[in-house]
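Summary of structural features
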Amino acid sequence: MKMSLTDPFLLTPAEAAAADRETDASGIPIFHLMQQAGFAVAAEALRHFAQAERFVVLCGPGNNGGDGFVAASALRRAGANVSIHLAGRPEELTGAARLAWLEAQTPAQSFSSYQPHPGDVIIDAIFGAGLSRDVPPEVTDLITRVREVGCPVLAVDLPSGIDGLTGQVRGAAFQAQRTVTFVARKPGHVLMPGRIYCGEISLAPIGMPTRIARRHARTVSVNDPRAWKAAINVQQGDTHKYKRGHLAVFSGGPSHTGAARMTASAGLCAGAGLVTLASPPDATLVNACAMTAVMVREIADLQDLKMWWASGKISAAVIGPGFGVGEGLRSYVHASAARPMVLDADAITAFAERPDELFALAAGSEPRQILTPHEGEFARLFPDLAADKTIGKLERAKRAAERAHAVIVYKGADTVIAAPDGRLLINENAPAWLATAGSGDVLAGIAGANLAQGIPAFEAAAAAVWLHGEAGNKAGVGMTAEDLIRHIPAALEDLLSWCRL
Ligand SMILES: NC(=O)C1=CN([C@@H]2O[C@H](COP(=O)(O)OP(=O)(O)OC[C@H]3O[C@@H](n4cnc5c(N)ncnc54)[C@H](OP(=O)(O)O)[C@@H]3O)[C@@H](O)[C@H]2O)[C@@H](O)CC1
Ligand SMILES: Nc1ncnc2c1ncn2[C@@H]1O[C@H](COP(=O)(O)OP(=O)(O)O)[C@@H](O)[C@H]1O
Ligand SMILES: [K+]
C-alpha cells in the first residue's frame, strides 16, 4: 500500500468523522475503510517491528479498537504471536467495530490482566480521533506499565491520550515509536506535544475518495508553499529595486541596535529591494558603522516619521526588535496605523496593558499588520485566550487574529499562522535549533520584506515562517542568527523552485 505524507491538508477529528459518514453514504462502507486501516497497521508492524516476540493489541470501545481487531487478525494470519486486550466487554461493541471483532474470532482479555514483557510490541488501538475527554484511570495505569518496561508502541491513528484537534495530552498518552494514520493527518499530529508523542508518522489512504476527504478539510493545513505560492512574486527580468519594495526597520537606542540590525539584514536577504534602518539620532553612528547595504536614516521623532510615511517612499515596516517598551513605541505604531507592518517583540509588550488600543488601530481595514508573539508575548496581549485550557493553539491563534484584526504568527516549534478571516496554517519545517537568540528578529525581517514586496499579510507571514524554517535547516545545528540570515537566499531559491512548479 502506498503511504505518503506529501499532501498538506489536515482533517480535524470532526471533519474526519463527517468524511467517514459521507464515504459510507456514497457506497463504501466504514467497515471496508476499517479493514484497509487494520491491514495498513499490520503491514507497518511487520515491516518495522520484525523483532517482536509478541504483538499485544490494545483495543478501545470505538472504531479505533475496530482497526485493532483487523490488525490483530491480519498479524495472526501472517504467523505472528498476537494477544488482544479489550476495554470493557465485547458485547458492548457496536457498528463496524463489532463486525471486526466478530471476524477476529479470538478470545480477548482485560486491560488489567496485561503485564508488559520485554519483547512485546504494543499496538495501541484504544482511542483515536474519537477521544473526547481525559483517559480513564485503567488506561493511565496501562500507559505507565508499558512505559516502565519500555515496550515499543505502534499507535493506530493517534497515540491514545493525544487530542486529535489540539495535540494536547488528555491525562496521559502513549509515547509511540511510530503512528499510522489514515486519509490525512489530524492537527494533533502536527501540533505540540502531539507531534513528539506520534514518533514517525505514516499515512495510509485506505480507499476514501480524495474528493470527499478534501471537501471536508476546511479548517487548517500544513504551512506548505502550495498554500500561498500564488501570492509570491517570481521576479521578472525587468524588475528594479523600487519594484521590490522599501522596508523600514526601527532601531532602538545606541546600546540596543543589534536586534533591529539583524531584522534589517534579514529583510534585505529575503528580497526587499531596499532596507533602511530608521535610527534615533544617538544611535545613528553605531548603526552607520555596522551597516553597508542596509541604509541608515535618522528618524528623531514622530514628526520625522509622519513625513517619511507621507513621502510614499516606504512600502512596509518592522517595529519592535530591541526598540524599548514605552510611549515612544506606541506613538510610532499609532503614526503607522493601516500601513503594512510587522509588530514584533517590544511592539507587542508595549501594548500589554492596553491591547484594545492596538486592536482598534487595525479595525475596519483589510489586515495589513502581522503580530509575531512567542508564547510569553501572546499571554501578555491575549491573557484570557492563553489562560483558557479548554482550547488549543489553533483556536487561540484564530480568536486572537479576529480580535486584533491582524495576522497572528503564534511562534514556537509548531508556529500557527492565523488570519482574521479564519484561515489557519501550522508550520512544521522549523528545526529545534531555531530556538536561539535573535532568531525571532530574523523572522520579523523576512516577514517585513514580504510585506514590502506587496504580498498580502497572511501569505507574507506564512511564507516568512516557511523560509525561516528552511533557512534554519540549511544553516544546520549550532547556527547563530547571523548564520540564519546568510542561508535565507538558498531558502528563497528553494521557494522559487516551488513557485515555478
Ligand atoms: N476515515 C478514517 O480516518 C477512518 C478511521 N477509522 C478509525 O476510527 C477511529 C475513530 O473512531 P471513533 O469515532 O469510534 O473514535 P475512537 O477513537 O475509537 O473512540 C471513541 C470511543 O471511545 C470512547 N471514549 C472517548 N474518549 C474516552 C475517554 N477519555 N474515556 C473513555 N472512553 C472514551 C467513546 O465513548 P463516548 O465518548 O461515546 O462515551 C467511544 O466509545 C479513528 O481514530 C480510526 O482509528 C477507521 O476505522 C475507518 C476510517
Ligand atoms: N523548538 C523549536 N523548534 C523550532 N522552532 C522554534 C523552536 N523554538 C522556537 N522556535 C522558533 O524560533 C524563533 C524564536 O523567536 P523568539 O522567541 O522571538 O526569539 P528571539 O527573541 O530570541 O529572537 C521563532 O520563529 C520560533 O517559532
Ligand atoms: K490509538
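Conventions adopted
- Residues numbered from 1 in each chain as written.
- Chains lettered and ligands numbered in written order.
- Predicted model: local features only at pLDDT ≥ 70, side-chain atom pairs only at ≥ 80, totals over all residues.
- Heavy atoms only, no water.
- UniProt positions renumbered as here; feature names shortened; annotations may be inferred.
- Helix = DSSP H or I, 4+ residues; strand = E, 2+ residues; numbered from the N terminus.
- Expected span 1.5 Å × (residues − 1).
- Contact = heavy atoms within 4.5 Å.
- Buried < 20%, exposed > 50% of the residue type's maximum accessible area, 1.4 Å probe, protein only.
- Arc of directions from axis to C-beta.
- Near = heavy atom within 4 Å.
- Polar contact = N/O pair within 3.5 Å; in protein donor to acceptor, adjacent residues only side chain to side chain.
- 1 Å grid on protein atoms, 1.4 Å probe; cavity = no way out; pocket = protein on both sides within 12 Å on 5 of 7 lines; lining within 4 Å.
- Sits in = over half its atoms within 2 Å of the grid points.
- Nonpolar A, V, L, I, M, F, W, Y, C, P; charged D, E, K, R; others polar.
- Points joined across faces, edges and corners; volume = space filled by probe spheres on them.
- Donors = N, O, S within 2.8 Å, 3.2 Å for Na, K, Ca; no water.
- Areas by Shrake-Rupley, 256 points an atom, 1.4 Å probe, with all protein chains shown as cover.

For the protein chain, an unreviewed UniProt entry supplies the name Bifunctional NAD(P)H-hydrate repair enzyme and the organism Rhizobium helianthi. Recorded under Subunit (unreviewed entry), the UniProt text for the protein chain is reproduced unchanged: "Homotetramer."

Compared with an ideal rise of 1.5 Å per residue, which puts 13 residues at 18 Å, helix H5 (residues 137-149) spans 19 Å between its outermost C-alpha atoms and is within 8% of the ideal. The elements touched by buried residues of H5 are strand E1 (54-59), strand E4 (120-125) and strand E5 (153-156). Immediately downstream of H5, the backbone of Gly150 shows phi near 80 degrees, a positive value.

For helix H4 (residues 95-104), the full list of buried residues reads Ala96, Ala97, Ala100, Trp101 and Ala104. The arc that holds every buried residue of H4, seen down its axis, measures 145 degrees, which confines them to one face. Summarising the geometry of H4, the exposed residues directed more than 90 degrees from the buried face are Gly95 and Glu103. Of the surrounding elements, those touching the buried residues of H4 are helix H2 (30-48) and helix H3 (63-77). Trailing H4 by a residue or two, Gln105 shows a phi angle of about 45 degrees, which is positive.

With that settled, consider the site of ligand 2. In the vicinity of ligand 2 there are 18 residues, among which Lys411, Gly412, Thr415, Pro431 and Gly440 approach most closely. For ligand 2, an oxygen atom lies 3.2 Å from a polar atom in the backbone of Ser439. At 2.6 Å from an oxygen atom of ligand 2 is found a main-chain nitrogen or oxygen belonging to Gly440. In a pocket analysis with a 2 Å cut-off to the grid points, ligand 2 is assigned to the second largest pocket. Top contributing element to the shell around ligand 2 by residue count: helix H18 (residues 439-452), with four residues. Class assignment of the residues belonging to the shell around ligand 2 gives a composition of eight nonpolar, eight polar and two charged.

Quantified by volume, the largest pocket comes out at close to 730 Å³. Among the elements of the structure, helix H1 (13-25), H2 and H3 are those that each provide at least two residues to the lining of the largest pocket. The element contributing the most residues to the lining of the largest pocket is H1, with five residues. Of the residues contributing to the lining of the largest pocket, the split by class is 20 nonpolar, seven polar and seven charged. Here the second largest pocket is characterised by a volume of approximately 430 Å³. Gly412, Ala413, Thr415, Leu434 and Ala435 are, among the 22 residues lining the second largest pocket, the residues nearest its centre. At the level of elements, H18 and helix H19 (457-475) are the ones that each hand at least two residues to the lining of the second largest pocket. The element contributing the most residues to the lining of the second largest pocket is H18, with three residues. Of the residues contributing to the lining of the second largest pocket, the split by class is ten nonpolar, nine polar and three charged.

What follows concerns the coordination of the potassium ion (ligand 3). Each donor-metal-donor angle would ideally measure 109.5 degrees in four-coordinate tetrahedral geometry, or 90 or 180 degrees in six-coordinate octahedral geometry. In this structure, Asn64 (OD1), Asp124 (O), Phe127 (O), Val156 (O) and Leu158 (O) serve as the protein donors to the potassium ion (ligand 3), at separations of 2.5 to 3.0 Å. Donor residues binding the potassium ion (ligand 3) come from one chain and are separated in sequence as N-x59-D-x2-F-x28-V-x1-L. Remark: Leu158 occurs in the loop between E5 and strand E6 (178-182) and Asp124 occurs in strand E4; sequence separation between them is 34 residues. Residue classification places Asp124 among the buried residues on the basis of a relative accessible area of 0%.

Another point: the environment of Thr12. Checked against the element boundaries, Thr12 lands in the segment before H1. Each C-alpha atom, one on Thr12 and one on His216, is 9.0 Å from the other, the two residues being 204 residues apart in sequence. Excluding anything up to four places from it in sequence, Thr12 contacts Leu165, Pro187 and Thr219.

A few words now on the site of ligand 1. Inspection of the region around ligand 1 gives 23 residues, with Asp20, Asn64, Asp67, Gly128 and Asp157 positioned closest. Within the side chain of Asp20, one N or O atom sits 2.4 Å away from a nitrogen atom of ligand 1. Within the backbone of Asn63, one N or O atom sits 2.9 Å away from an oxygen atom of ligand 1. Starting from 940 Å² of accessible surface for ligand 1 in isolation, the protein chains cover 78%. Taken together, the elements giving at least two residues each to the shell around ligand 1 come down to H2 and H3. When residues in the shell around ligand 1 are grouped by element, the largest group, three residues, is from H3. By residue class, the composition of the shell around ligand 1 is twelve nonpolar, six polar and five charged.

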